[in-house]
Amino acid sequence: QVQLVESGGGLVQAGGSLRLSCAASQRLFRINVMGWYRQAPGKQRELVARILSGGNTNYADSVKGRFTIAIDNAKNTVNLQMNSLKPEDTAVYYCYAARLGHDYWGQGTQVTVSS
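Residues numbered from 1 in each chain as written. Predicted model: local features only at pLDDT ≥ 70, side-chain atom pairs only at ≥ 80, totals over all residues. Heavy atoms only, no water.

Draft legend 1. View of the pattern of salt bridges. On inspection of all chains with the given rule, the structure shows 4 salt bridges. Where Asp 61 meets Lys 64, a salt bridge forms, and the shortest distance between an N and an O atom there is 3.1 Å. The exposure classification of Asp 61 matches that of Lys 64, with both residues exposed. Residue Arg 66 pairs with Asp 89 through a salt bridge whose shortest N-O separation is 2.8 Å. One end of the pair, Arg 66, is in the loop between β6 (57–59) and β7 (67–72); the other, Asp 89, is in the loop between β8 (77–82) and β9 (91–99), with 23 residues separating them in the sequence. The exposure class of Arg 66 is buried, given its relative accessible area of 11%. If you follow the salt bridges from partner to partner, you end up with Arg 38, Glu 46, Arg 66 and Asp 89 in one network. (Salt bridge = Lys/Arg side-chain N within 4 Å of Asp/Glu carboxyl O. Buried < 20%, exposed > 50% of the residue type's maximum accessible area, 1.4 Å probe, protein only. Helix = DSSP H or I, 4+ residues; strand = E, 2+ residues; numbered from the N terminus.)

Right under this line is the structure:
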């Protein structure tokens, strides 16, 4: 069982930055994949960014060059640095982890970007 707790959402103007953090209840080397998804009103949940146990990263095309995912092993956290935010980035952001064939989700944190 992996518990995930997100923090760092909020309201920001377009062009601004936010940093999301996700604290995991287990050491990250035991987790196969960690990442962030988002869901906007009326839309399906979509992958934003993820990092694999070997260190490889994947990003949605819409956030490439603006968002960076990184792991802090000392704090058992995965962080998402979001720069140059756009109104279309507004969504609930969910932390995600996969371990031994099981998926785990955080409770979600709201990110709102005003124009």
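Draft legend 2. Broad picture of the layout of surface pockets. Taken as a whole, the largest pocket spans an internal volume of roughly 160 Å³. Its residues assigned to classes, the lining of the largest pocket comprises 2 nonpolar, 4 polar and 7 charged. (1 Å grid on protein atoms, 1.4 Å probe; cavity = no way out; pocket = protein on both sides within 12 Å on 5 of 7 lines; lining within 4 Å. Points joined across faces, edges and corners; volume = space filled by probe spheres on them. Nonpolar A, V, L, I, M, F, W, Y, C, P; charged D, E, K, R; others polar.)

Draft legend 3. The nonpolar core, seen in detail. Formed by 30 residues in total, the largest nonpolar core has its most connected members in Leu 4, Met 34, Trp 36, Leu 80, Met 82 and Tyr 93. Once residues lying within four places of it in the same chain are set aside, the contact partners of Met 82 are Gly 16, Ser 17, Leu 18, Leu 20, Arg 66, Phe 67, Tyr 93 and Val 111. (Core = buried A, V, L, I, M, F, W, Y, C linked by side-chain atoms within 4.5 Å. Contact = heavy atoms within 4.5 Å.)

Draft legend 4. Representation of the side chain of Asn 79 in the model. If you trace the backbone, Asn 79 turns up in strand β8. Judged by relative accessible area, Asn 79 falls into the buried class, the value being 9%. Polar contacts involving the side chain of Asn 79 include one to the side chain of Ser 21, which spans 2.7 Å. (Polar contact = N/O pair within 3.5 Å; in protein donor to acceptor, adjacent residues only side chain to side chain.)

Draft legend 5. The pairing of strand β5 (residues 46–52), seen in detail. Sheet topology places strand β4 (residues 33–39) next to β5; 6 bridges connect them, and they run antiparallel. Across the sheet, the residue bridging to Arg 38 is Glu 46, located in β5. In this structure, β5 lies alongside β6, joined through 3 bridges in antiparallel fashion. Paired with Ile 51 across the strands is Thr 57, a residue of β6. (Pairing = 2+ DSSP bridges.)

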